[in-house]
Amino acid sequence: MDKKIEKAFNEHLNAEFYSSYLYLSMANYFAYHNLEGMAQWMRVQVEEERIHGMKFIDFINDRGGRVVLEQIDQPKTDWASPLDAFRDAYEHECHISKRINQLVDLAIKDNDHAANTFLQWFVSEQVEEEAAAQAIVGKLELVKDNSMGLLMIDQQLGTRTLAAPAAGAAE
Ligand code: FEO
């Protein structure tokens, strides 16, 4: 595979594993504050991000490229409130969306149709990722400091489970 795309994909898979690490940090923040439902929601997100990273690894390997794992930065460990944490999650997803769009630009510029097709799954996924985080931010803004409202949201988020991958999918 083209060296520029190989390098950019390697950098991006690091960003996906960083996302996993960031959400694991948020999960532990919620667990510490007895918000087990939010912790569960984040733990599912941890797995989703790991799967995203693995998809990039599989693609690079399938194309005869070389995967190079680099150091993963330490994530933030504390937040002012659940709303603060979910706002960070939303902003992080917007950042990841920008990165994906830049990869698409690079694939198009390089005429790499396989990379472009591969990335389209992530373009759609990012719409969902941003929407999911934004919806929770919206609910948390509604309840503000109301403990009962917060506990209800926590309970609802605790029902999240990891969706089973489709048969034969690389997930
Ligand atoms: Fe892998 Fe949440 O983007």
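Residues numbered from 1 in each chain as written. Predicted model: local features only at pLDDT ≥ 70, side-chain atom pairs only at ≥ 80, totals over all residues. Heavy atoms only, no water.

Draft legend 1. Spotlight on the overall build of the chain. In terms of regular secondary structure, the chain is built from five helices and zero strands. When the elements of the chain are put in sequence order from the N terminus, they spell out α-α-α-α-α. For 171 residues, the compact-globule estimate of 2.2 N^0.38 gives 16 Å, and the C-alpha radius of gyration of the chain, at 17 Å, lies within 12% of that figure. Taking the principal axes of its C-alpha atoms as reference, the chain extends roughly 55 × 30 × 30 Å. (Helix = DSSP H or I, 4+ residues; strand = E, 2+ residues; numbered from the N terminus. Rg over C-alpha atoms; globule rule 2.2 N^0.38 Å.)

Draft legend 2. Inspection of the pattern of salt bridges at higher detail. One pass over the full model with this rule turns up eight salt bridges. In this structure, E11 and K7 form a salt bridge, with 3.0 Å as the shortest nitrogen-oxygen distance. Of the two residues, E11 and K7 are both situated in helix 1 (residues 3-32); the distance of four residues between them amounts to about one turn of the helix. Assessed through its relative accessible area of 39%, E11 is described here as partly exposed. K76 is the salt-bridge partner of D88, the closest N and O atoms lying 3.0 Å from each other. Here D88 is found in helix 3 (residues 82-109), whereas its partner K76 is found in the loop between helix 2 (36-62) and helix 3, with twelve residues between them in sequence. Relative accessible area serves as the criterion here: at 22%, D88 is assigned to the partly exposed category. (Salt bridge = Lys/Arg side-chain N within 4 Å of Asp/Glu carboxyl O. Buried < 20%, exposed > 50% of the residue type's maximum accessible area, 1.4 Å probe, protein only.)

Draft legend 3. Representation of helix 2. Look at helix 2: 39 Å from first C-alpha to last across 27 residues, which is about the 39 Å you get at 1.5 Å a residue. Looking one or two residues past helix 2, G64 carries a phi angle of roughly 80°, positive in sign. (Expected span 1.5 Å × (residues − 1).)

Draft legend 4. Highlighting the layout of surface pockets. When its volume is computed, the largest pocket comes out at roughly 160 Å³. Looking at the largest pocket, the residues that line it are S81, P82, L83, L140, E141, K144, D145, N146 and L150. Elements with a contribution of two residues or more to the lining of the largest pocket: helix 3 and helix 4 (113-143). Classifying every residue of the lining of the largest pocket gives four nonpolar, two polar and three charged. (1 Å grid on protein atoms, 1.4 Å probe; cavity = no way out; pocket = protein on both sides within 12 Å on 5 of 7 lines; lining within 4 Å. Points joined across faces, edges and corners; volume = space filled by probe spheres on them. Nonpolar A, V, L, I, M, F, W, Y, C, P; charged D, E, K, R; others polar.)

Draft legend 5. Fine view of the nonpolar core. Residues M26, F30, M38, M42 and F86 are the most contacted members of the largest nonpolar core, which totals 23 residues. The element contributing the most residues to this core is helix 1, with six residues. Of all hydrophobic cores here, the second largest spans 20 residues; its members include A15, A107, F118 and F122. (Core = buried A, V, L, I, M, F, W, Y, C linked by side-chain atoms within 4.5 Å.)

Draft legend 6. Up close: the environment of T77. With respect to the helices, strands and loops of the structure, T77 is situated in the loop between helix 2 and helix 3. Exposure remark for T77: the relative accessible area of 53% places this residue in the exposed category. Sequence-wise, T77 and V46 are 31 residues apart; in three dimensions their C-alpha atoms are separated by 15 Å. Beyond its immediate chain neighbours, meaning those up to four positions away, T77 contacts S25 and Y29. (Contact = heavy atoms within 4.5 Å.)

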